[in-house]
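Chain by chain, the residues run as shown.
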Amino acid sequence: MGNSLKIDLHLHSVISDGSDTPSEILAHVKRAEIGLFSITDHDAIKSCETMREVWKVGNPHFLSGVEFSCKDEEGQYHILGYGYDPESESIEQVVHEGHNYRMRKCIARLDFLKSEYQIDFPADEVEALLALNNPGKPHLGNLMVKYGYAATKEDAIFNYINNVQFESEYVRPEDAIEGILNAGGITVLAHPSYGNGDQIIVGGQMEERLERLIGFGLQGVEAYYSGFTEKLQEEMLYLADRYDLYVTAGSDYHGKNKLIAIGDTNLGDVSEAVPGLQRFLQDVTITL
């Protein structure tokens, strides 16, 4: 890979809460002239298997990816993993744990909506929802819109679904980081400045969060991100340099489920990138 390269290392497929299949994402990536991409589905690595089946020589480079939804006593975190061995038992264990949490939360949300708001769905819709790889709040929100219980998916999530909270049904950040590292991957904190909901973490609080996660083995931050203001990006680039962290760039593309375009990372190409991203590209293991 040369120095002039467009990348997008944060994409979601139907395997989690995106609207596109991995094959469709590959097609979009090619049209956007992106040279390196990664599908980072929530708590799932099935995209690696699918990409091995559809990828062809001459296609953009593919990097194994995942985004674990984590929580502990100090807050919530999304931990990205890159370049891991998808057949490693350590990554499979974390995926299995995350999937089980997601299934239990989905069932609990269905029960909550029925008991608190008398929101109920046909049995075949519930069966289809639970048959998804990783059903989450967006899937349930879309179902509420379909049956007229909410005006929009956002309305469904923020005014209904989020009213049931879970304290322990999450992968712990140290477990996600350990699983990625033991699988030969690189660990990165996704959209670091964003905490829970509308929370924005900056300054000393951001440094405390980073230092804690670095203690677990965190190696990088997603400093180039579609949702960052220039100020947030500058802070993350500064902190990445200060703590000698890798830097990555991602759009957080979800297809039709979010108004974000593939390649919208606030980074032109890697020739413009900071040393932390250059080091990441040198050190990470390209899957395909």
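You'll find the structure just up there.
As the structure is a prediction and not an experimental result, all values here were calculated from the model.

**Q** Just to check I follow, could you spell out the environment of Thr285 for this structure?
**A** Summarising the element assignment, Thr285 is placed in the segment after helix H10 (275–283). Those residues in contact with Thr285 that sit more than four places away from it in its chain are Leu63 and Gly83.

**Q** Sorry, what's going on with the pattern of salt bridges here?
**A** Where charged atoms of side chains with opposite charge meet at close range, the side chains can pair. Enumeration over the complete set of coordinates arrives at nine salt bridges. Residue Asp244 is joined to Arg279 by a salt bridge in which the shortest nitrogen-to-oxygen separation is 3.3 Å. Of the two residues, Asp244 is situated in the loop between helix H9 (230–242) and strand S7 (246–250) and Arg279 in helix H10; the sequence distance between them amounts to 35 residues. For Asp244, a relative accessible area of 56% translates into the label exposed. Among the ionic pairs, Asp252 bridges to Lys258, the shortest N-O distance being 3.6 Å. The class for Lys258 is partly exposed, based on a relative accessible area of 35%. Put simply, Glu73, Arg172 and Glu174 are held in one network by salt bridges that share partners.

**Q** Sorry, what's going on with the pairing of S7 here?
**A** The two faces of a sheet get side chains in turn, since along a regular strand they alternate between them. Burial analysis of S7 places five of its five residues in the buried class, the great majority of the element. Here S7 shows two buried faces, one formed by Tyr246, Thr248 and Gly250 and the other by Val247 and Ala249. Handedness of the strand S6 (residues 220–225)-H9-S7 crossover: right-handed.

**Q** Help me out: how do you make sense of the packing of aromatic side chains in this one?
**A** Counted under the stated rule, the structure contains 10 aromatic pairs. Measuring from ring centre to ring centre gives 5.0 Å for Tyr117 and Tyr160, while their planes differ by 75°; the resulting arrangement is edge-to-face. Highlighted residues: Tyr117 in helix H3 (residues 89–117) and Tyr160 in the loop between helix H6 (153–159) and helix H7 (173–182), separated in sequence by 43 residues. Ring geometry for Tyr194 and Phe228: centres 5.5 Å apart, planes at 70°, overall edge-to-face. Highlighted residues: Tyr194 in the loop between strand S5 (186–189) and helix H8 (203–216) and Phe228 in the loop between S6 and H9, separated in sequence by 34 residues. Under the relative-accessibility criterion, Tyr194 is labelled partly exposed at 24%. Take Phe228: its relative accessible area is 6%, and that puts it in the buried class. Grouped by ring-pair contacts, the aromatic residues Tyr82, Tyr246 and Phe280 constitute a single cluster. The cationic tip of Lys105 hangs over the ring face of Tyr170; the distance from NZ or CZ to the ring centre is 3.7 Å.

**Q** Explanation requested: the packing of H3 against H7 in the structure shown.
**A** When two helices pack together, their arrangement is given by the angle between the helix axes and by the axis-to-axis distance. Running from N to C, H3 and H7 point in directions that differ by 150°, and their axes come no closer than 7 Å. Classed by the angle they form, the pair H3 and H7 counts as roughly antiparallel. The two elements H3 and H7 cross, and the hand of that crossing is left-handed. The segment H3 lies against H7, with Ser90, Ile91 and Val94 engaging Asp175, Ala176, Gly179, Ile180 and Asn182. Tallied by class, the residues present in the contact of H3 with H7 amount to four nonpolar, three polar and one charged.

The rules we used
- Residues numbered from 1 in each chain as written.
- Predicted model: local features only at pLDDT ≥ 70, side-chain atom pairs only at ≥ 80, totals over all residues.
- Heavy atoms only, no water.
- Helix = DSSP H or I, 4+ residues; strand = E, 2+ residues; numbered from the N terminus.
- Contact = heavy atoms within 4.5 Å.
- Salt bridge = Lys/Arg side-chain N within 4 Å of Asp/Glu carboxyl O.
- Buried < 20%, exposed > 50% of the residue type's maximum accessible area, 1.4 Å probe, protein only.
- Right-handed = clockwise from strand over helix to strand, strands pointing away.
- Phe/Tyr/Trp six-rings, centres within 6.5 Å; stacked < 30°, edge-to-face > 60°.
- Lys NZ or Arg CZ within 6 Å of the ring centre and 35° of its normal.
- Axes fitted to C-alpha atoms, helices over the stretch in contact; angles between N-to-C directions.
- Parallel < 35°, antiparallel > 145°, perpendicular 65-115°, else oblique.
- Left-handed = near helix turned anticlockwise from the far one by under 90°.
- Nonpolar A, V, L, I, M, F, W, Y, C, P; charged D, E, K, R; others polar.

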